[in-house]
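Close look at the chain arrangement
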Amino acid sequence: MPGLPLFRPILLMGLAPAIAGCQLFATEPLPVESAGDRIQGHIVQAEGSLRFQPCGKPDALTLLPSDTPSVAHAIEALPPGTRSFADLGGQLVIDGRAGTFQPQRIFRLAPSDPEGCDALAPSTLFQAEGTDPRWRATVSADGLLLQQPDQPAVALPVLVEQLPGGSASITTEANGQRIELWLAPGDCVEATGARRYHMTATLRVDGRTQQGCAFTGTANAN
């Protein structure tokens, strides 16, 4: 990509079951910005206050107002009376079975999405998607899974590289295709104006460019 500073390789990821001889090499961990406690769950309104129900947990947390204006505005704008999926970073305080959570960062926010908790594999490092046309790229330690309209999904080995400022590039030339996925930190709202993410994404397939949004998976955070 023209104008970008020099980058340094981090990981070479290969799909061992699909491509013989591919291996995973790591020289250092992927960079992750600190966000305190990261929790996925659903935001619901109950008795005049907002509650945050973490995925797979029986007890809901009281959701405190965020002191980050953009985060506070996004949560306040959620449709009333709905279950909205949220992947948030913030401060968790537990006292017995009661707890509070003050969000400071949005990884993903999906208004009126009653599912969400089951939509992402725990091995995901990054996921990017766009809506015009709809496409999705999922990066894990196994490689890249690219889904595009009117085409079969392809699974390919990739090179993941760290760029200055927390950006990353994912590239491959397997199967005779040149695929580049560029990720950069920054608030991103999908074309429909509903879902919010914490990274922007640019996908290039054989020179054709598409824009989208992205987020780091929990495998990256861990």
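The notes below deal with the structure included here. Remember, it's a predicted structure, so these values are computed and weren't measured experimentally. (Residues numbered from 1 in each chain as written. Predicted model: local features only at pLDDT ≥ 70, side-chain atom pairs only at ≥ 80, totals over all residues. Heavy atoms only, no water.)

The subject of this paragraph is the overall build of the protein. Along its length, the protein carries 2 helices and 16 strands. When the 222 residues of the protein are sorted by exposure, 43% land in the buried category. Of the contacts made within the protein by residues no fewer than 6 positions apart, 52% connect residues no fewer than 24 positions apart. Summed over its atoms, the accessible surface of the protein is roughly 11500 Å², and 53% of this surface lies on carbon and sulfur atoms. (Helix = DSSP H or I, 4+ residues; strand = E, 2+ residues; numbered from the N terminus. Buried < 20%, exposed > 50% of the residue type's maximum accessible area, 1.4 Å probe, protein only. Contact = heavy atoms within 4.5 Å. Areas by Shrake-Rupley, 256 points an atom, 1.4 Å probe, with all protein chains shown as cover.)

Let's shift gears to the state of the cysteines. Considering all chains together, one arrives at 2 disulfides under this definition. Each disulfide pairs two cysteine sulfurs, and for Cys55 the partner residue is Cys117, the sulfurs being separated by 1.9 Å. Between Cys55 and Cys117, the disulfide has an S-S torsion of -80° and is therefore left-handed. Placement of Cys55 in the loop between β4 (49-54) and β5 (61-63) and of Cys117 in the loop between β7 (98-110) and β8 (124-131) is noted, with a sequence separation of 62 residues between them. Note on Cys55: relative accessible area 26%, which makes it partly exposed. (Disulfide = S-S within 2.5 Å.)

Turning next to the packing of aromatic side chains. A complete count under the given rule lists 2 aromatic pairs for this structure. A centroid spacing of 5.6 Å and a plane angle of 35° characterise the contact between Phe52 and Phe101, whose relative ring orientation is tilted. You can see Phe52 sitting in strand β4 and its partner Phe101 sitting in strand β7, a full 49 residues away along the chain. Both residues of the pair, Phe52 and Phe101, count as buried. Note on Tyr197 and Phe215: the rings are 6.1 Å apart at their centroids and 20° apart in plane angle, and the pair reads as stacked. Separated by 18 residues along the polypeptide, Tyr197 in strand β15 (residues 196-205) and Phe215 in strand β16 (residues 208-216) bring together distant segments of the chain. Classification of Tyr197 by relative accessible area gives buried; the value is 5%. Here Phe215 falls in the buried class, since its relative accessible area comes to 1%. Positioned above the aromatic ring of Phe107 is the side chain of Arg38, whose terminal nitrogen or guanidinium carbon lies 3.8 Å from the ring centre. (Phe/Tyr/Trp six-rings, centres within 6.5 Å; stacked < 30°, edge-to-face > 60°. Lys NZ or Arg CZ within 6 Å of the ring centre and 35° of its normal.)

The subject of this paragraph is unusual backbone geometry. Here the amide bond leading from Asp132 into Pro133 is cis, since omega sits at -5°, within 30 degrees of zero. Checked against the element boundaries, Pro133 lands in the loop between β8 and β9 (134-140). Even without glycine at this site, Asn175 takes up a positive phi of about 60°. Mapped onto the secondary structure, Asn175 falls in the loop between β13 (168-172) and β14 (179-189). Located in the positive-phi region is Asp206, a residue other than glycine, with phi close to 50°. One can find Asp206 in the loop between β15 and β16.

With respect to the secondary-structure elements, Thr172 resides in strand β13. Polar contacts involving the side chain of Thr172 include one to the main-chain carbonyl oxygen of Pro157, which spans 2.7 Å. A polar contact of 3.1 Å, which involves the side chain of Thr172, links it to the backbone nitrogen of Ala174. If we skip the residues at most four places from it in the chain, Thr172 touches Leu156, Pro157, Val158, Gln177, Arg178 and Ile179. (Polar contact = N/O pair within 3.5 Å; in protein donor to acceptor, adjacent residues only side chain to side chain.)

Attention now goes to the side chain of Ser169. For Ser169, the location among the structural elements is in strand β13. For Ser169, a relative accessible area of 0% gives the class buried.

What follows covers the environment of Gln102. The residue Gln102 is located in strand β7 in this model. For the pair Gln102 and Ala72, spaced 30 residues apart in sequence, the C-alpha to C-alpha distance is 10.0 Å. Those residues in contact with Gln102 that sit more than four places away from it in its chain are Leu64, Pro65, Ser66, Asp67, Gly89, Gly90 and Gln91. A polar contact of 3.0 Å, which involves the side chain of Gln102, links it to the backbone oxygen of Pro65.

Right, let's get into the nonpolar core. If you look at soluble globular proteins, the nonpolar side chains tend to sit buried side by side. The biggest cluster of nonpolar side chains holds 22 residues, and the ones touching the most others in it are Leu181 and Leu183. Those elements giving two or more residues to this core turn out to be β8, β9, β10 (143-147), β12 (158-162), β13, β14 and β15. Here this core gets 4 residues from one element, more than from any other, and that element is β15. Once residues within four sequence positions are removed from consideration, Leu181 is found in contact with Ala128, Trp135, Ala137, Val139, Ala168, Ser169, Ile170, Ala201, Thr202 and Leu203. (Core = buried A, V, L, I, M, F, W, Y, C linked by side-chain atoms within 4.5 Å.)

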